[in-house]
Amino acid sequence: MDFDPSANRVVGTARIPGAPAPKKAPVPVKIIVAGGFGVGKTTTVGAISEISPLTTEAEMTSESVGIDNPGQATMKTGTTVAMDFGVLTIDQTLKLYIFGTPGQTRFAFMWDDLVRGALGALVVVDTNRIDDCYPAVDYFERAGLPFVVGINTFNGQMSYSVEEVRWALAVREDVPVISFDARFRASVRDALLVVLDQALDKAIRMKS
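Residues numbered from 1 in each chain as written. Predicted model: local features only at pLDDT ≥ 70, side-chain atom pairs only at ≥ 80, totals over all residues. Heavy atoms only, no water.

(A) Representation of the packing of aromatic side chains within the structure. The tally for this structure, following the rule as stated, stands at 6 aromatic pairs. For the ring pair F85 and Y97, a centre distance of 6.3 Å and an interplane angle of 15° mean the geometry is stacked. Taken together, the positions of F85 in strand β6 (residues 84–91) and Y97 in strand β7 (residues 94–100) put the pair 12 residues apart, joining distant regions of the chain. In this structure F85 comes out as buried when scored by relative accessible area, which is 17%. Here W111 and Y139 contribute two aromatic rings whose centre-to-centre distance is 5.3 Å and whose plane-to-plane angle is 70°, an arrangement assigned as edge-to-face. Taken together, the residues W111 in helix α2 (residues 111–115) and Y139 in helix α3 (residues 134–143) connect sequence positions 28 residues apart. Here W111 matches Y139 in class, with each residue buried. (Phe/Tyr/Trp six-rings, centres within 6.5 Å; stacked < 30°, edge-to-face > 60°. Helix = DSSP H or I, 4+ residues; strand = E, 2+ residues; numbered from the N terminus. Buried < 20%, exposed > 50% of the residue type's maximum accessible area, 1.4 Å probe, protein only.)

What follows is the structure, encoded as structure tokens:
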């Protein structure tokens, strides 16, 4: 133990009387953003991340014609081939690490690694192609991971209502189905907070 003779106080690893307690690091929480191809997962992560999001976008080429269908209402020219990654600090005690999955079926083998350690998921839905999100819904139901269905309101419009989407997906009543706009930070934040609520509810049920 070292001493500072000029101030007559302990330094080094010892705590100085009256000094403020060191701040605790925020608890890390892993959240997954999933869904079909071209539904807005990369946009969702990019809108909310407080750092420049890590993306693994590759240019779509003629080889993907007939395989990757981004939908009629999009100018999408790239596709995620591994994952998207972003960070969001909720407060001094909680920090979200957000992982976006690739949407194409041929990259489904990566999901187990991406989802490992996650506490919840947001399944992004395009109401023009609802069937594209069935694999994500089925995956999280089998895994027992809390998830929220988020209807991405492209251009502020939905082809079907929230209740119609719930009926089409046949999800349980305890699974929230909400609408949000992947382009806007506040809207994405609200959707992710619902995911956190679901994860907390599960943790409370398991503890009790």
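(B) Representation of the side chain of D126. Relative to the elements of secondary structure, D126 occurs in the loop between β8 (120–125) and α3. On the basis of relative accessibility, which here comes to 8%, the residue D126 falls in the buried class. In terms of polar contacts, D126 uses its side chain to reach the backbone amide nitrogen of N128, at 3.0 Å. Every residue in contact with D126, bar those within four places of it in the chain, is listed here: V39 and F154. (Polar contact = N/O pair within 3.5 Å; in protein donor to acceptor, adjacent residues only side chain to side chain. Contact = heavy atoms within 4.5 Å.)

(C) Representation of unusual backbone geometry in the model. Phi at A170 is positive, roughly 55°, even though this residue is not glycine. On the secondary structure map, A170 appears in the loop between α4 (162–169) and β10 (177–180).

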